[in-house]
Amino acid sequence: MQHRRPLFLAPQWTLLRRDLLDPRGRFTGPQPTLGSMNVGQLRPVELVPTKPRRLGLGSGPQFSQAMFQASPTGSSGGLPAFELRWRAGAPSSSRPRFGAAIPMAVAASGPCAGGPRDILWRVLGWRIVASIVWSVLLLPICTTVFIIFNSFDLVHPIQWLTDSIDDLYSSYVIFYLLLLSVVIVIISIFNVEFYAVVPSVPCSRLALIGRIIHPQQLMHSFVHAAMGMVTAWCAAVINKGQYSFLVVPCTGTASLDSPPAQTCLNEYHLFFLLAGAFMGYSYSLLYFVNNMNYLPFPIIQQYKFLRFRRSLLLLVKHSCVESLFLVRNFCIVYYFVGYVPKAWISTAMNLHIDEHLHRPLDTVSGLLNLSLLYHVWLCGVFLLTTWYISWILFKIYATEAHVFPVQPPFAGDSEECLPKVLSSNPPLIIKYLALQDLMLLSQYSPSRRQEVFSLSQPGGHPHNWTAISRECLNLLNAMTQKLILYQEAAATNGRLSSSYSVEPKKVNSSEETAFQTPKPSQPVPSSAKTALFSSKLSTPDTSSTFGSPFGINVANRMAGIFDANICYASPQGPLLTRRGPRLWTSTSDQQMSGFSDLPPCTSVSADGKTVRQPNVIYSWIQNKREQIKNFLSKRVLIMYFFSKHPEASIQAVFSDAQMHIWALEGLSHLVAASFTEDRFGVVQTTLPAILNALLTLQEAVDKYFKLPHASSKPSRISGSLVDRSYKTLRFAFRASLKTAIYRITTTFGEHLNAVQASAEHQKRLQQFLEFKE
C-alpha cells in the first residue's frame, strides 16, 4: 500500500530536476542545504505517492523501525532502582522528535543546526533560569526575616510583631522587593558569566594581585559594590527612623548673626551606603581569592532540595560571621578615611554637618553606637544571605547530572550523543557533565552499557566504544605528559627541557590503528621506561572557548588551565640542587638554555655549523640582565611577591583532575563490565592499550609523589561554605588510578597474562594481580 505525502512547502528542485535522480530515486549529486535556500525556491507541490519519511509522522515498517531504534536497549523491568530514577529524570533530548520534519523552523533549530553554544543553551539554559527564579522567589522570605529582626524588641513583643506585619504589607516594601529582585538577577548573571569548572590557582602573590586587578575582575567588583550600595539603601529605608534619608533638617539653634542651615547631612545614612558598597566589594574580592566561581561536582548524587537544605544552615552561619568581620573592617577603614567622602558629599550637595544631631562617626566614640552597628551588621547578613543563596542555587543546578544518549534516536540527532560530545570540543562544563554521565553510566546502567558495546548497522563497527575509549585515553595520556613536564621542570629548577614536547597528539582516528601496543619483541627505552614517556602525548586544549550563555567568554571562563610558564615552579628541597633564586622563567631563557655550553662568541648557523662571531653587545646585555636579577632576588619585598609557593604549583598540576578521575572510573568500569556483557568483544581489542596507558600513568604518578611537597596534605577546614576540595585532588586521583587498575585485574585475573605488554608492564601487572601494590 502506497502512502501519500501531505502538502508541504518543498524546494522546486525536488520535482523538476529529474536528471539528478538515479533509477532508484536517489540523488546522484550534492544536495543543497537548508541554509542555501531562499523563499523564492519554495512553492506548493502536488501530492505524490512515496514512502513515509523517517522523521515524519506516519505508519509503516520504516516508522516502526525508527521507533525501535529510538527505544532504549533492554527491558526496564529488571533494572535497579537508581537506573529507573535515572531514566525517569532524563531530559527530553533523548526522546524521539516526531515532529522534526513538519515545520522547517523546527528542523532548523534541531541539534545539528548550531555549534557549542546551542548545546550549552540546551543543557544549561533551563538550569540558569530555574536558579534565578528560585533565588527571586526566596527573596520575600529573607526580607521577612530581615524586617522581623530589624524591629527586634523583647520588651514589647506584641508591638514588635504588629509593626513587622504592618511593614510587610506596606507599599514601599513591595517596591523595594522589586528593586532587590533586579539586584538578585544581576548577581545571578555575574555568577553565570564568571563560573569555572577548573579552579584558578595563582602560583605567586604577584599572580594573585594580577588576577584581582584584571579589568574584568574590576568590573565585577565595581558592579557588586554598586549592588551592595543599592541593597544597603533599601535596608536603610526599611529601617525607617534616623537611617532613612541622606538629607535631614538641621537641629542647631540659630544665632543672632547668621540664619540657621536648612538641611544637613545624615551621616548615619551615609555610613549605611558606604558599608553596603564595602561589603559588595569585599564579596567580589573574596569571590576570586577563594575561588568561589569554581563549580565542584558532587561525588554522591542527591536531589536538589536535599543539597540546598544541607547548605542552608551553613550559609546563614557563614553570612553572620562574615558580616561581623566586614563590619569590623569597615569601621577601621571609616575611622581613617571616613572624613573624605563625608566632606566631598557635603560640599557637592551644599549640606551642613550638624554635630548636635549625633557625634561624628569617624571617631571612636561615634563608632561605639551599638544600635548603628547592629543594624549595619543585620544589613550585611541580609546582603550576604541573599547573594549566597543565588550562588548556591546556581552551583546546585549547574552541577546536576545530565543524561546524554549513547545512540541517537535518529540519524540527524547525533550532536548531543555521548560519544559525539566527548570526541568534539564542547564547552568545558559540557565535557565535565558528559564525563560524569559516563561514570554513572558505567556503574549503574546495564542497558546503556549495552549501547556502548553495540556495533553499528550496517558495517558492524564499534563506533561508540571507539570514540569513548579514545577520548578517555587522550585524557589519561595528557595527564601523563603533564606529570612528566612537571618532573622535568622540578629537576631543572623551573627550566623546561626541550626533550619533551608539549604539542598535543591525539590517538589515531582509524579503528584499525587506533590502539597499538608495543609487542614484547620490540625494545623499550630504559630512559623513559615505556614508549609513551618519550612520545608526544595529548594535552588539554586550553585554547578552546568556553561559551557563556549570556555573552562573550570571560577571561576564558577563568578556567585556570595549567600553564607551564606560570606554575611549573620547582619545589625546593634537599634532594634538588639550588641554582639561585629565579624571579621568572621566560621563553628566551628556555631557548637560550640549549646554547649555554657554547662559548660567548660562538653562534650556530642555519646549516647547523658553528660560526665564530663577535657578540660583545649580546654578552654585555646578558650580564646586565643577570645582575639585575641578582639584585632583585636579594630584596625581601620583591621576593615576597615573586616567590612561587610549591603547594600552589602542585595544586595547579591537578586543577583539572576531576575529569581525569571520571575518565578513569568510567573506562575501568566499562572494561570490567565487558568481561560478562561484551558479546562482540569490542573491548578486548583495546585492552592492551588501556592497560599500557594506566600502568604508564601509575608510574608517572609514583615518581611525582616522590618529589618534595607532593605528599604533604594541606590543612582541611571543616564546616566551610567555600569548597576547597580541589586542593586535595591529587590524592583522590592517585586513589582512583590504583582502584581502576585493581578493578580490571580482579575482574580478568590470570587472563591478563595473555595481553601483549612490555616486560616492565607485565611485572607491574603481576604485582597488581598478587595484590602487592
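All values reported here derive from a predicted model rather than from experimental measurement.

Enquirer: Can you tell me about the overall build of the protein, naming the residues and giving the values?
Expert: Assigned secondary structure in the protein consists of 29 helices and eight strands. Buried positions account for 45% of the 773 residues belonging to the protein. In the protein, once contacts between residues fewer than 6 apart in sequence are set aside, the share between residues at least 24 apart is 80%. Carbon and sulfur atoms provide 62% of the accessible area of the protein, an area that totals close to 39,500 Å².

Enquirer: Go over empty space enclosed by the protein with me, naming the residues and quoting the values.
Expert: Applying the stated criterion to the full structure yields three cavities of 30 Å³ or more. Here the largest cavity is characterised by a volume of approximately 50 Å³. Counting residues per element, the ones that place at least two in the lining of the largest cavity are α27 (687-704) and α29 (759-769). Looking at the lining of the largest cavity, the element that brings in the most residues is α27, giving four residues. Along the lines of polarity and charge, the residues of the lining of the largest cavity split into six nonpolar, three polar and no charged.

Enquirer: Please set out the side chain of S204 residue by residue, giving values where relevant.
Expert: With respect to the element layout, S204 can be found in the loop between α8 (171-193) and α9 (205-212). Sequence-distant contacts of S204, defined by excluding residues within four places in its chain, comprise F641, F642, S643 and K644.

Enquirer: Could you give an account of helix α10 (residues 215-239), with specific residues and numbers?
Expert: With 25 residues, α10 extends 36 Å between its outermost C-alpha atoms, agreeing within 8% with the 36 Å of an ideal straight helix rising 1.5 Å per residue. Two residues or fewer past α10, K240 is found with a positive phi of approximately 60 degrees.

Enquirer: An account of the environment of V173 is needed here, citing residue identities and associated values.
Expert: Summarising the element assignment, V173 is placed in helix α8. Once the C-alpha coordinates of V173 and P140 are considered, the two residues, 33 residues apart in sequence, prove to be 9.9 Å apart. Residues within four places of V173 in sequence aside, it is in contact with I147, D167 and L168.

Enquirer: I'd love a proper account of the packing of helix α18 (residues 446-453) against helix α26 (residues 657-677), names of residues and values included.
Expert: At a closest axis distance of 11 Å, the pairing of α18 and α26 adopts a crossing angle of 85 degrees. Here α18 is positioned roughly perpendicular relative to α26, judged by the angle of their axes. Within the contact between the two elements, α18 uses P446, R449, Q450, V452 and F453 and α26 uses L670, A673, S674 and E677.

Enquirer: Just give me the short version of the pattern of salt bridges, but keep the residues and values in it.
Expert: The final tally for this structure, using the stated rule, is 13 salt bridges. A salt bridge links K482 to D656, with the shortest nitrogen-to-oxygen separation between them at 2.9 Å. A residue pair is termed long-range when its members are at least 10 positions apart, and K482 in helix α19 (residues 463-491) and D656 in the loop between α25 (646-653) and α26 qualify at 174 residues. The shortest N-O distance in the salt bridge between R730 and E647 comes to 3.2 Å. Of the two residues, R730 is situated in helix α28 (residues 729-748) and E647 in helix α25; the sequence distance between them amounts to 83 residues. One exposure class covers both R730 and E647, and it is buried.

Enquirer: I'd like a description of a nonpolar patch on the surface, backed by residues and values.
Expert: A surface patch of nonpolar side chains, about 780 Å² in accessible area, is lined by I332, V333, Y335, F336, V337, V340, V364 and L368. No other element matches the five residues that helix α12 (residues 304-337) contributes to the nonpolar patch. Within the element layout of this structure, L368 appears in the loop between α14 (364-367) and α15 (370-398). A residue is classified by how much of its surface remains accessible, and L368, at 61% relative accessible area, is exposed.

Enquirer: Just give me the short version of the packing of aromatic side chains, but keep the residues and values in it.
Expert: All chains considered together, the criterion is met by 34 aromatic pairs. Look at F330 and Y334: their rings are 5.8 Å apart centre to centre, the planes differ by 40 degrees, and that puts the pair in the tilted class. Taken together, the residues span about one helical turn, with F330 and Y334 both in helix α12 at a distance of four residues. Considered together, F330 and Y334 belong to a single accessibility category, that of buried residues. Between the aromatic rings of Y742 and F771, the centroid separation amounts to 5.6 Å while the plane-to-plane angle is 5 degrees, which identifies the pairing as stacked. In this pair, Y742 sits in helix α28 while F771 sits in the segment after α29, placing the two residues 29 residues apart along the sequence. Y742 sits in the buried class, given a relative accessible area of 15%. Members of the aromatic cluster, each reached through a chain of ring pairs, are F190, F194, Y283, Y287, F288, W387, Y388 and W391. The residue whose ring lies beneath R734 is F705, and the NZ or CZ to ring-centre distance is 4.1 Å.

Enquirer: Explain the nonpolar core to me, using residue names and the numbers behind them.
Expert: Counting residues in hydrophobic clusters, the biggest one holds 91 residues, and the most contacted among them are I429, W465, L483, Y704 and F733. Residues in contact with I429, not counting those within four places in the same chain, are L120, L124, Y195, V197, L295, F297 and A398. Counting 61 residues, the second largest nonpolar core, distinct from the first, contains L265, M292, L384 and W391.

Enquirer: Tell me about α18, and name the residues and values.
Expert: Buried residues dominate α18, accounting for six of its eight residues. Among the residues of α18, those classed as buried are S447, R448, R449, E451, V452 and F453.

Enquirer: Residue-level account of the environment of M349, with values.
Expert: Its location among the elements puts M349 in the loop between α13 (339-348) and α14. Judged by its relative accessible area of 43%, M349 falls in the partly exposed class. Distance from M349 to C264, taken between C-alpha atoms, is 9.7 Å for residues 85 residues apart in sequence. Contact partners of M349, with chain neighbours within four places excluded, come to L246 and V247.

Enquirer: Describe the packing of α19 against α27, naming the residues involved and giving the relevant values.
Expert: Packed helices, taken two at a time, are described by their axes: the angle between them and the distance between them. In the contact formed by α19 and α27, the axes pass within 9 Å of each other and the chain directions differ by 25 degrees. It follows that α19 is roughly parallel to α27 by the angle criterion. Taken as a pair, α19 and α27 cross one another with a handedness that is left-handed. Taking contact as the criterion, the partners of W465, L473, L476, N477, M479, T480, L483, Y486 and Q487 in α19 are, on α27, A689, I690, A693, L694, T696, L697, A700, V701, K703 and Y704. Its residues assigned to classes, the contact of α19 with α27 comprises 14 nonpolar, four polar and one charged.

Enquirer: How would you explain the environment of G366 if you had to name every residue and give the values?
Expert: Tracing the backbone through its elements, the reader meets G366 in helix α14. The exposure class of G366 is buried, given its relative accessible area of 4%. Once the C-alpha coordinates of G366 and Y335 are considered, the two residues, 31 residues apart in sequence, prove to be 9.5 Å apart. In this view, G366 contacts R359, P360 and L361; residues no more than four positions away in its chain are not counted.

Enquirer: How would you sum up unusual backbone geometry? Please name residues and give values.
Expert: Along the chain, Q457 connects to P458 via a cis peptide bond; the corresponding omega equals -5 degrees. Relative to the assigned elements, P458 resides in the loop between α18 and α19. Non-glycine residue N291 carries a positive phi angle of around 55 degrees. Here N291 shows up in the loop between α11 (267-289) and α12.

Enquirer: With reference to specific residues and values, describe the side chain of S456.
Expert: For S456, the location among the structural elements is in the loop between α18 and α19. For S456, the residues in contact, after removing those within four places along its chain, are H461 and H463.

Rules used throughout
- Residues numbered from 1 in each chain as written.
- Predicted model: local features only at pLDDT ≥ 70, side-chain atom pairs only at ≥ 80, totals over all residues.
- Heavy atoms only, no water.
- Helix = DSSP H or I, 4+ residues; strand = E, 2+ residues; numbered from the N terminus.
- Buried < 20%, exposed > 50% of the residue type's maximum accessible area, 1.4 Å probe, protein only.
- Contact = heavy atoms within 4.5 Å.
- Areas by Shrake-Rupley, 256 points an atom, 1.4 Å probe, with all protein chains shown as cover.
- 1 Å grid on protein atoms, 1.4 Å probe; cavity = no way out; pocket = protein on both sides within 12 Å on 5 of 7 lines; lining within 4 Å.
- Points joined across faces, edges and corners; volume = space filled by probe spheres on them.
- Nonpolar A, V, L, I, M, F, W, Y, C, P; charged D, E, K, R; others polar.
- Expected span 1.5 Å × (residues − 1).
- Axes fitted to C-alpha atoms, helices over the stretch in contact; angles between N-to-C directions.
- Parallel < 35°, antiparallel > 145°, perpendicular 65-115°, else oblique.
- Salt bridge = Lys/Arg side-chain N within 4 Å of Asp/Glu carboxyl O.
- Patch = residues over 30% accessible without salt bridge, like charges linked within 9 Å, V, L, I, M, F, W, Y side chains within 5 Å.
- Phe/Tyr/Trp six-rings, centres within 6.5 Å; stacked < 30°, edge-to-face > 60°.
- Lys NZ or Arg CZ within 6 Å of the ring centre and 35° of its normal.
- Core = buried A, V, L, I, M, F, W, Y, C linked by side-chain atoms within 4.5 Å.
- Left-handed = near helix turned anticlockwise from the far one by under 90°.

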